[in-house]
Amino acid sequence: MRRLSWCLVVWLCSVASADAEAPQIKIGSKKFTESVILGELLVHLAESAGAQAEHRQEMGGTRILWTALLNGDIDIYPEYTGTITQEILAGEGVAGWDQIQRALAERDLGVSAPLGFNNTYAIGVKETLAQKLQINRISDLVRHPELRFGFGNEFMERGDGWPGLRDRYGLPQQDVRGLDHDLAYRGLESGDIDAMDMYSTDAEIKFYDLRALADDMGYFPDYMVLLVYRKDLQARATTALSAMHKLESSISEAEMVAMNARAKLDKVPATQVAAEFLRTRFGLGVQVQHQGLIERLWQRTGEHLLLVGLSLVAAIFIAVPLGVVASRQPRLGQVLLGVVGVVQTIPALALLVLMIPFSGIGMPSALAALFLYSLLPIVRNTYTGLRDIPLPLRESAEALGLPPGARLRRVELPLAGRSILAGIKTAAVI
C-alpha cells in the first residue's frame with residue numbers, strides 16, 4: 001500500500017513537472033473568420049509539439065494585435081504583407097520581403113515565410129448589378145456616382161483603404177459609410193449598399209453571387225499571409241515554433257476559401273476546421289473538444305459578473321468620495337464632473353486601445369475601462385443627492401453639535417442614499 005501511494009505521488013509530481021516545463025505560447029487572431037482559423041491551426045501545431053497554447057480569439061483590428069505583440073501580451077499571430085507595408089510600417093518606405101524581415105528584426109520580431117495564399121482586398125458588387133451597369137473594373141465606378149458604398153470600419157481609415165482608393169481612381173461617390181464587415185455583406189444582399197470591400201478568400205463572394213472588380217490601376221498590394229512572432233519564442237519554444245513553421249507554403253487560396261466556408265457558412269467550429277486540415281495535410285491527429293451551449297453560457301456569465309462586480313465595487317469606493325468633495329467645493333466639483341463626463345464620451349474601443357500599452361490585453365484593461373465608465377453616474381448622483389438636502393435639515397444637524405464627519409455619515413449620506421443608489425444602479429447597467 002505504501003509502495004502504491006509512493007508511486008502515485010511520483011506520478012503526480014512528474015505530471016506537474018511536465019506541465020511546468022511545457023512552454024507557454026499566447027496566440028492572437030483578428031476579428032474575422034480566416035484569422036481565427038489560422039490561430040487555431042497554430043494552437044494545434046504548438047500543442048502537438050508539447051507546448052501549452054492559449055488562443056486569444058478575435059482581439060480586434062491590426063493596431064490592437066500589433067501593440068499586443070510588441071508589449072508581450074501575445075507571442076505570435078497571422079498577419080499580411082500588405083498590412084505590414086501599408087498600415088503598420090506606413091511611412092517607412094518598406095517594400096519587398098527582405099525589407100519586411102529587416103524592419104521586423106529591428107523590433108525584435110521574427111517572421112515566417114508566406115503560408116501560400118494571397119488574400120488581397122477587392123471591391124465587390126452584386127453580379128446582377130455588375131451586368132446591368134456593365135461594371136467590370138474599379139475604374140468603371142467613376143461613371144456611377146449614385147452608387148452607395150459600405151466599407152469595413154478598418155478599411156475606412158487604413159493607409160491602403162478607402163482614402164487612397166478614392167484618390168487613386170478619382171471616385172466621386174459621396175454616400176460612403178463604415179460598417180462591420182459581416183454586416184456589409186448583408187447590406188449588399190438587401191440592397192442597402194451597392195459596393196463593399198472584400199477579402200479575396202471570403203466564402204461569401206460565391207455564396208452571395210458577387211463580382212470582384214478588377215483592380216486595373218494596381219492599387220491593392222499583395223496580402224500574403226505570414227506569421228509574425230516575438231524573437232524570444234525561438235529560445236523558449238523552439239520545437240513548437242518549428243511545428244508552426246510547417247504552415248509555410250502549405251495553404252492554397254482554394255483551401256483557405258473552403259475552410260472559411262466551412263466555418264462561416266456551415267457553422268463548423270474553427271477549431272474543428274483547423275483540425276481537419278491538419279489531419280488531411282500533415283496526417284496530424286488532433287483531439288477537438290467542443291464546448292456545449294450551457295457550458296459556454298455559464299462561463300461567459302461568470303466572466304461578465306466578475307468584471308461588473310469588481311469594476312462596480314471599485315467605482316463605488318472612488319466615486320462616492322469624489323461626489324462628496326464635489327458637493328462641498330463647488331468650483332472643484334464642476335471640474336470633477338466635467339472630467340468624468342468627458343471620460344464617459346470616449347468610445348469603448350478607443351478607450352481599450354489607450355489602455356493596452358499600460359495594462360496589456362485582458363482583464364486589467366477591461367476592468368479599467370468599466371471602472372471609468374461607472375464613475376460619472378455615481379459621482380453625479382452623489383453630488384446631486386447631497387446638494388438637494390433641504391437647508392433646514394442641514395442646520396438642524398449643525399445645531400445638534402455634530403462634527404462634519406458625523407453629519408456626513410449619520411445625516412447627509414442617508415438622506416442622499418436614494419439618489420446614490422440610483423447612480424450605482426445606472427453604473428451597473430452601463
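Residues numbered from 1 in each chain as written. Predicted model: local features only at pLDDT ≥ 70, side-chain atom pairs only at ≥ 80, totals over all residues. Heavy atoms only, no water.

**Points about the confidence of the model for the protein**
Taken residue by residue, the protein gives an average pLDDT of 86. The fraction at 70 or more is 94%. With pLDDT under 50 throughout, residues 7–12 is counted as low confidence; its partners more than four residues away or in other chains account for zero contacts. (pLDDT = per-residue confidence, 0-100. Contact = heavy atoms within 4.5 Å.)

**Quick notes on the sheet that holds strand E6 (residues 149–152)**
Spatial ordering of the open sheet is given by E7-E6-E8-E5-E9, a layout of five strands whose pairing is mixed. On the outer flanks of this sheet lie strand E7 (176–179) and strand E9 (210–212), each paired with one strand and no other. In this sheet, neighbouring strand axes are inclined to one another by 35 degrees on average, regardless of whether the strands run parallel or antiparallel. Where helix H8 (residues 181–190) meets the sheet, its contacts fall on strand E5 (121–126), E6, E7, strand E8 (195–199) and E9, and the angle it forms with E8 comes to roughly 135 degrees. (Pairing = 2+ DSSP bridges. Helix = DSSP H or I, 4+ residues; strand = E, 2+ residues; numbered from the N terminus. Axes fitted to C-alpha atoms, helices over the stretch in contact; angles between N-to-C directions.)

**A short note on the environment of Glu21**
Mapped onto the secondary structure, Glu21 falls in helix H1 (residues 2–21). Remark: the alpha-carbon pair of Glu21 and Lys206, spanning 185 residues in sequence, is separated by 47 Å.

**What to know about the side chain of Glu412**
Secondary-structure assignment places Glu412 in helix H19 (residues 404–429). Non-local contacts of Glu412, meaning those with residues more than four positions away in its chain, are made with Arg328, Leu386, Ile389 and Arg407.

**Let's talk about the pattern of salt bridges**
Opposite charge on two side chains lets them pair, provided their charged atoms get close. Applying the stated criterion to the full structure yields 20 salt bridges. The partner of Arg158 in a salt bridge is Glu154, and the shortest N-O contact between them spans 3.3 Å. The partner of Arg166 in a salt bridge is Asp167, and the shortest N-O contact between them spans 3.5 Å. Owing to a relative accessible area of 32%, Arg166 belongs among the partly exposed residues under this scheme. Classification of Asp167 as exposed rests on a relative accessible area of 58%. (Salt bridge = Lys/Arg side-chain N within 4 Å of Asp/Glu carboxyl O. Buried < 20%, exposed > 50% of the residue type's maximum accessible area, 1.4 Å probe, protein only.)

**What about helix H2 (residues 33–48)?**
Taking 1.5 Å of rise per residue, the 16 residues of H2 would be expected to cover 22 Å, and the 23 Å separating its terminal C-alpha atoms lies within 8% of that figure. Within H2, 13 of the 16 residues are buried, leaving the element largely enclosed by the surrounding structure. Taken from the residues just after H2, Gly50 is the one with a positive phi, measuring 90 degrees. (Expected span 1.5 Å × (residues − 1).)

**Some remarks on the pairing of strand E10 (residues 225–230)**
Extensive coverage of E10 is indicated by the burial of five of its six residues. By the bridge criterion, three bridges tie strand E4 (residues 109–111) to E10 in an arrangement that is antiparallel. Bridging from a neighbouring strand, Val111 pairs with Val228 of E10.

**Concerning the pairing of strand E2 (residues 52–56)**
Burial along E2 is one-sided: Ala53 and His55 are buried, while Gln52, Glu54 and Arg56, pointing the other way, are not. Looking at chain direction, strand E1 (residues 24–28) and E2 are connected through five bridges and run parallel. Bridging across to E2, Ile25 finds its partner in Ala53. As a crossover connection, the stretch from E1 through H2 into E2 is right-handed. (Right-handed = clockwise from strand over helix to strand, strands pointing away.)

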